[in-house]
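Spelled out from the first residue to the last, the chains are:
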Protein chains: 2
Amino acid sequence: MAILFHHPLCPRSRYIRLLLAEYGIEIELIEERPFERRQDFLIANPAGDLPVMIDSNDFVVPGAATIAEYLDETRGLGLDRRLLPEGPAERVETRRLTDWFNTKFYQEVSEPLVNEKVYKRYMRPGQGGGGPEMSVVRAVRSNIRYHLRYIGHLTATRKWLAGDNMTHADLAAAAHLSCVDFVGDVPWSENAEAKEWYMRMKSRPSFRSLLTDRLPGMTPDRVYADLDF
Amino acid sequence: MAILFHHPLCPRSRYIRLLLAEYGIEIELIEERPFERRQDFLIANPAGDLPVMIDSNDFVVPGAATIAEYLDETRGLGLDRRLLPEGPAERVETRRLTDWFNTKFYQEVSEPLVNEKVYKRYMRPGQGGGGPEMSVVRAVRSNIRYHLRYIGHLTATRKWLAGDNMTHADLAAAAHLSCVDFVGDVPWSENAEAKEWYMRMKSRPSFRSLLTDRLPGMTPDRVYADLDF
């Protein structure tokens with residue numbers, strides 16, 4: 001069976017977990033704390049980032065974008081329900097938006113928030129552990145509002161983020177938002193279209209394993225696993 | 001003719017310029033200063049990043065990674081000299097290393113350096129203009145050393161960064177390094193393998209237009225355009 005090194009609250013790992021589940025690929029999950037910079041993990045991925053997939057032939061595929069392209073070429077190609085669609089224009093729009101969430105949203109929202117509210121709980125003081133820096137959390141809470149408006153803007157005129165079909169872009173966006181939702185920082189009441197799209201994503205069978213993730217000493221937000229929030 | 005919105009010292013724009021030149025695709029270059037956040041440019045690419053390609057059919061392709069995949073699928077596919085190679089293992093290694101330079105090297109070296117030493121010259125005070133912050137420049141000069149060792153480590157056992165053939169990874173690495181070289185901050189004497197590999201890259205016809213780039217009020221480092229540095 002293939003293996004995925006991940007962290008339950010790593011948004012890019014969640015993106016790949018959703019993608020694997022949508023393709024029906026079973027995978028063994030191994031939790032990795034990237035801030036520990038474990039030697040064997042750095043050999044698999046010198047960049048030190050999550051996630052890293054080890055395919056069933058022992059082939060190492062590091063990094064969310066590289067894994068997504070690899071899955072498209074080895075599993076998605078030829079499928080009716082290919083999650084990186086066939087046409088050049090659809091592929092550009094899907095990659096543009098997937099990158100938006102895996103890079104821009106990650107830098108402006110999910111990476112600093114998960115770092116402050118989750119990772120720092122499990123770090124030793126020498127690794128940067130401690131309580132959350134509230135100035136960072138406030139900046140994130142301000143940043144997320146325009147991303148939510150952007151999702152609302154896209155889904156007001158399209159069925160899914162990149163067009164008529166669900167793609168990598170929806171999975172990436174929902175994965176990142178789910179981490180923010182875990183700690184209760186998505187202002188859902190501000191955008192009805194974005195909320196309606198996220199309800200659809202959250203109701204998919206691929207999402208179930210994300211909704212049951214628990215971390216020692218942390219309780220997810222009240223509405224986190226609620227399909228009618 | 002296709003158009004590329006770029007900045008002469010934007011490392012990701014240089015990566016795409018090299019890629020286009022290697023495929024022999026002629027393109028009109030239009031200089032964009034991303035820090036000016038020009039409205040028409042933000043319509044073409046809401047993320048506000050360079051580069052953005054407008055293909056000859058007016059189709060907009062934003063972002064280096066998305067442009068590279070688009071060029072592979074619309075121009076590279078089927079070519080003998082495909083710059084994102086065919087095999088799954090080669091594609092993973094090429095994408096891993098391309099992403100290393102476009103993301104990790106960019107964050108740790110080329111983006112802060114170009115910002116401090118180039119962009120800030122052309123920004124107004126309200127945009128963040130002024131002299132370079134030397135603490136940032138010192139951090140970059142420290143960070144680049146391990147990247148140079150990594151290039152040396154790879155090219156000590158491989159002909160090119162990702163294997164037997166030149167790929168996207170070599171073009172990305174050389175593009176980022178060329179920006180650092182422009183301002184004279186590559187410690188070439190520290191790694192003979194990395195230097196030998198860069199000399200090969202710099203001698204390619206695709207590199208010529210980068211070596212003649214000039215900016216108002218800035219003189220490139222003495223060895224910048226020297227093929228025998």
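Relevant structure appears above.
To start, this report covers the structure provided alongside it. (Residues numbered from 1 in each chain as written. Chains lettered and ligands numbered in written order. Predicted model: local features only at pLDDT ≥ 70, side-chain atom pairs only at ≥ 80, totals over all residues. Heavy atoms only, no water.)

### Some thoughts on the interface of chain A and chain B
Listed per partner, the contact involves 20 residues of chain A and 20 residues of chain B. Interface area, chain A with chain B, both sides summed: about 1,800 Å², of which 67% is carbon and sulfur. Counting across the interface, chain A meets chain B through six salt bridges. Connecting chain A to chain B are five residue pairs in polar contact (both at pLDDT 80 or more). Counting residues per element, the ones that place at least two in the side of chain A that touches chain B are strand 4 (60–62), helix 3 (64–76) and helix 4 (88–122) of chain A. The element that contributes the greatest number of residues to the side of chain A that touches chain B is helix 4 of chain A, accounting for nine residues. (Contact = heavy atoms within 4.5 Å. Buried area = accessible area lost by both parts, 1.4 Å probe. Salt bridge = Lys/Arg side-chain N within 4 Å of Asp/Glu carboxyl O. Polar contact = N/O pair within 3.5 Å; in protein donor to acceptor, adjacent residues only side chain to side chain. Helix = DSSP H or I, 4+ residues; strand = E, 2+ residues; numbered from the N terminus.)

### Thoughts on the pairing of strand 1 (residues 2–6) of chain A
Residues and elements named next belong to chain A. Of all the five residues making up strand 1, four are buried; the element is thus mostly covered by neighbouring parts of the structure. Bridge count between strand 1 and strand 2 (residues 27–31): five bridges; the pairing is parallel. From the neighbouring strand, Leu-4 faces strand 2, where its bridge partner is Leu-29. Crossover connection from strand 1 via helix 1 (residues 11–22) to parallel strand 2: handedness right-handed. (Buried < 20%, exposed > 50% of the residue type's maximum accessible area, 1.4 Å probe, protein only. Pairing = 2+ DSSP bridges. Right-handed = clockwise from strand over helix to strand, strands pointing away.)

### Structural notes on the packing of aromatic side chains
Tallying each qualifying case throughout the model produces 22 aromatic pairs over all chains. Arranged with centres 4.7 Å apart and planes meeting at 20°, the rings of Trp188(B) and Tyr198(B) form a pair that is stacked. One end of the pair, Trp188(B), is in the loop between helix 6 (168–182) and helix 7 (192–202); the other, Tyr198(B), is in helix 7, and 10 residues separate them in sequence. Among the residues examined, Trp188(B) registers a relative accessible area of 7% and is labelled buried. Ring pairs connect the aromatic residues Trp188(A), Trp197(A), Tyr198(A), Phe207(A) and Phe229(A), which therefore count as one cluster. Directly above the aromatic system of Trp160(A) lies the positively charged group of Arg200(A), at a separation of 4.5 Å from the ring centroid. (Phe/Tyr/Trp six-rings, centres within 6.5 Å; stacked < 30°, edge-to-face > 60°. Lys NZ or Arg CZ within 6 Å of the ring centre and 35° of its normal.)

### Some thoughts on the relation of the copies chain A and chain B
You can overlay chain A on chain B at an RMSD of 0.0 Å; the transform is a turn of 180° with a shift of 0.0 Å along its axis. Each copy turns onto its partner about a two-fold axis. When you check the interface residues of chain A against chain B, 100% turn up at the interface there too, and the contact is symmetric in its surfaces. (Least-squares fit on C-alpha atoms with pLDDT ≥ 70 in both.)

### Things to note about the packing of helix 6 of chain B against helix 7 of chain B
Residues and elements named next belong to chain B. Across the interface, helix 6 lies against helix 7 with an axial gap of 10 Å and an inter-helix angle of 95°. Classified by the angle their axes make, helix 6 and helix 7 are roughly perpendicular. Where helix 6 abuts helix 7, its residues Asp-170, Leu-171, Ala-173, Ala-174, Leu-177, Ser-178 and Asp-181 lie against Trp-197, Tyr-198, Met-201 and Lys-202. In terms of residue class, the contact of helix 6 with helix 7 is made up of seven nonpolar, one polar and three charged. (Axes fitted to C-alpha atoms, helices over the stretch in contact; angles between N-to-C directions. Parallel < 35°, antiparallel > 145°, perpendicular 65-115°, else oblique. Nonpolar A, V, L, I, M, F, W, Y, C, P; charged D, E, K, R; others polar.)

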